[in-house]
Amino acid sequence: KGKRAFIAGVADDNGYGWAIAKSLAAAGAEILLGTWVPALNIFETSLRRGKFDESRVLPDGSLMEITKVYPLDAVFDTPEDVPEDIKANKRYAGSSNWTIKEVAACVKQDFGSIDILVHSLANGPEVTKPLLETSRKGYLAAISASSYSYVSLLKHFLPIVNPGGSSISLTYIASERIIPGYGGGMSSAKAALESDTKVLAFEAGRKHKVRVNTISAGPLRSRAAKAIGFIDMMIDYSLENAPFQKELSADEVGNTAAFLASPLASAITGAVIYVDNGLNAMGVGV
Ligand code: NAI
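Reading guide: rules and limits
Residues numbered from 1 in each chain as written. Predicted model: local features only at pLDDT ≥ 70, side-chain atom pairs only at ≥ 80, totals over all residues. Heavy atoms only, no water. Salt bridge = Lys/Arg side-chain N within 4 Å of Asp/Glu carboxyl O. Helix = DSSP H or I, 4+ residues; strand = E, 2+ residues; numbered from the N terminus. Buried < 20%, exposed > 50% of the residue type's maximum accessible area, 1.4 Å probe, protein only. Pairing = 2+ DSSP bridges. Right-handed = clockwise from strand over helix to strand, strands pointing away. Near = heavy atom within 4 Å. Polar contact = N/O pair within 3.5 Å; in protein donor to acceptor, adjacent residues only side chain to side chain. Areas by Shrake-Rupley, 256 points an atom, 1.4 Å probe, with all protein chains shown as cover. Nonpolar A, V, L, I, M, F, W, Y, C, P; charged D, E, K, R; others polar. Patch = residues over 30% accessible without salt bridge, like charges linked within 9 Å, V, L, I, M, F, W, Y side chains within 5 Å. Phe/Tyr/Trp six-rings, centres within 6.5 Å; stacked < 30°, edge-to-face > 60°. pLDDT = per-residue confidence, 0-100. Axes fitted to C-alpha atoms, helices over the stretch in contact; angles between N-to-C directions. Contact = heavy atoms within 4.5 Å.

## Re the pattern of salt bridges
Tallied over the entire structure, the rule returns nine salt bridges. In this structure, E30 engages R4 in a salt bridge whose closest nitrogen and oxygen atoms are separated by 2.9 Å. A residue pair is termed long-range when its members are at least 10 positions apart, and E30 in strand β2 (residues 30-36) and R4 in strand β1 (residues 4-8) qualify at 26 residues. In this structure, E247 engages R221 in a salt bridge whose closest nitrogen and oxygen atoms are separated by 3.5 Å. Here the residue E247 occupies a position in the loop between α9 (231-241) and α10 (250-261), and R221 occupies one in the loop between β6 (211-217) and α8 (223-228), the gap between them amounting to 26 residues. One salt-bridge network, held together by shared partners, links D53, R56 and E65.

Next comes the structure, spelled out in structure tokens:
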């Protein structure tokens, strides 16, 4: 029987979420997406108009099918958490049921269960500021959107993840090594995400027989990464210094996610898996 995946954090065809969707689709999974509410309209319009058709092509020549796209804002858990200004915002008012709890309920109602949960989203409003210049508000916003969003997503979806299922998030080495420029509390948010991966692996493993892992990915020129402002430098640095001197393709991260979601990875849980051409293993630049 084919597996069903819910991938949170896809709003174009340039990021890791899209590549993960493709790898899972190529392996036979049914694809459901969660798309940030303000980005939903343009994403769905582009999909409908065939703007992504070239990047929908799978290795067998067929096009990836997306069964359903759900609006999602992962900084809100329930409708009671949504402040008035967001409720009144034009871009939000056109959609409904986009808090995490509601999305999980909608997926349950539409499909009953899933097998694979992917969290491929992050946001840090002060990411361009050094940590010493980051406000409390900015720091907490980074943690809310990039770390707690995963705890909440897993909490609300776990009851509908089939036993034997798998959950995956995306992290970055700035959690454990100094990467100047990855600021605003984003490095802290990734450290929390990696630590939570271990605790959640324990809780979800014991309670639901679900595995929880995170992929520490190398630099990719995604929309989110371009907003940070130093992505080209990070790609060049990796090209110069990593054991494998090639540009990292999003598909390589997608394929790792497909492996982690498969029975081939049945004993892997609580792990940080590096998909970065080996850059993490270097001690000095050469
Ligand atoms: P992306 O721009 O494709 O994905 C980020 C997504 O998060 C976007 O679709 C955005 O709409 C969504 N998002 C932001 N706030 C949201 C919210 N409150 N609710 C729901 N969705 C929200 O960029 P990318 O780089 O593929 O990011 C995916 C993951 O990969 C992130 O966790 C990122 O930190 C991680 N990563 C990225 C690296 C890179 O160099 N691009 C390196 C290592 C990790």
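## What to know about the pairing of strand β5 (residues 161-171)
Among the 11 residues that make up β5, eight are buried, leaving the element largely enclosed by the rest of the structure. By the bridge criterion, six bridges tie β5 to β6 in an arrangement that is parallel. Looking at the pairing, S169 lines up with T214 of β6. In this fold, the crossover linking β5 to β6 by way of helix α7 (residues 186-208) has right-handed handedness.

## A word on the site of the ligand
Near the ligand, the surroundings consist of 28 residues, among which Y16, A74, K190, L220 and S222 are the closest. With respect to the ligand, the backbone of Y16 contributes an N or O atom lying 2.8 Å from an oxygen atom. Taking A74, its main chain carries an N or O atom lying 2.9 Å from a nitrogen atom of the ligand. Compared with its free state, where it exposes 820 Å², the ligand has 93% of that area covered by protein. Per-element accounting of the shell around the ligand gives the leading share, three residues, to α8. For the shell around the ligand, a count of residues per class yields 18 nonpolar, seven polar and three charged.

## Comments concerning a nonpolar patch on the surface
On the surface, L131, Y139 and L140 cluster together to form a nonpolar patch covering roughly 280 Å² of accessible area. Relative to the assigned elements, Y139 resides in helix α6 (residues 136-157).

## Considerations on the side chain of T35
For T35, the position within the fold is in strand β2. T35 gets classed as buried once you look at its relative accessible area, which sits at 0%.

## Quick notes on the packing of aromatic side chains
Under the counting rule described, the total for this entry stands at seven aromatic pairs. Aromatic side chains F43 and F52 sit 5.5 Å apart centroid to centroid with 35 degrees between the ring planes, which places their arrangement in the tilted category. Here F43 falls in the buried class, since its relative accessible area comes to 1%. Pairwise contacts between aromatic rings join F6, Y70 and F157 into one cluster.

## A short note on the confidence of the model for the chain
When the pLDDT values of the chain are averaged, the result is 97; 100% of them are 70 or greater. Across the assembled chains, the prediction reports ipTM 0.99 with pTM 0.98.

## Quick word on the sheet that holds strand β7 (residues 272-275)
An order of β3-β2-β1-β4-β5-β6-β7 is seen for the seven strands of this open sheet, with the pairing classed as parallel. Of all the strands in the sheet, just β3 (68-72) and β7 have a single pairing partner and so form its edges. Within the sheet, the average angular offset between the axes of one strand and its neighbour, ignoring direction, is 20 degrees. Two elements, β1 and strand β4 (residues 114-119), share four bridges in a ladder whose sense is parallel. Each residue of the ladder has a partner; that of A5, found in β4, is I116. Sheet contacts for helix α5 (residues 100-111): β1, β2, β3 and β4; angle to β3, the most-contacted strand, approximately 160 degrees. Sheet strands touched by α10: β4, β5, β6 and β7. Its angle to β6, the strand with the most contacts, is close to 165 degrees.

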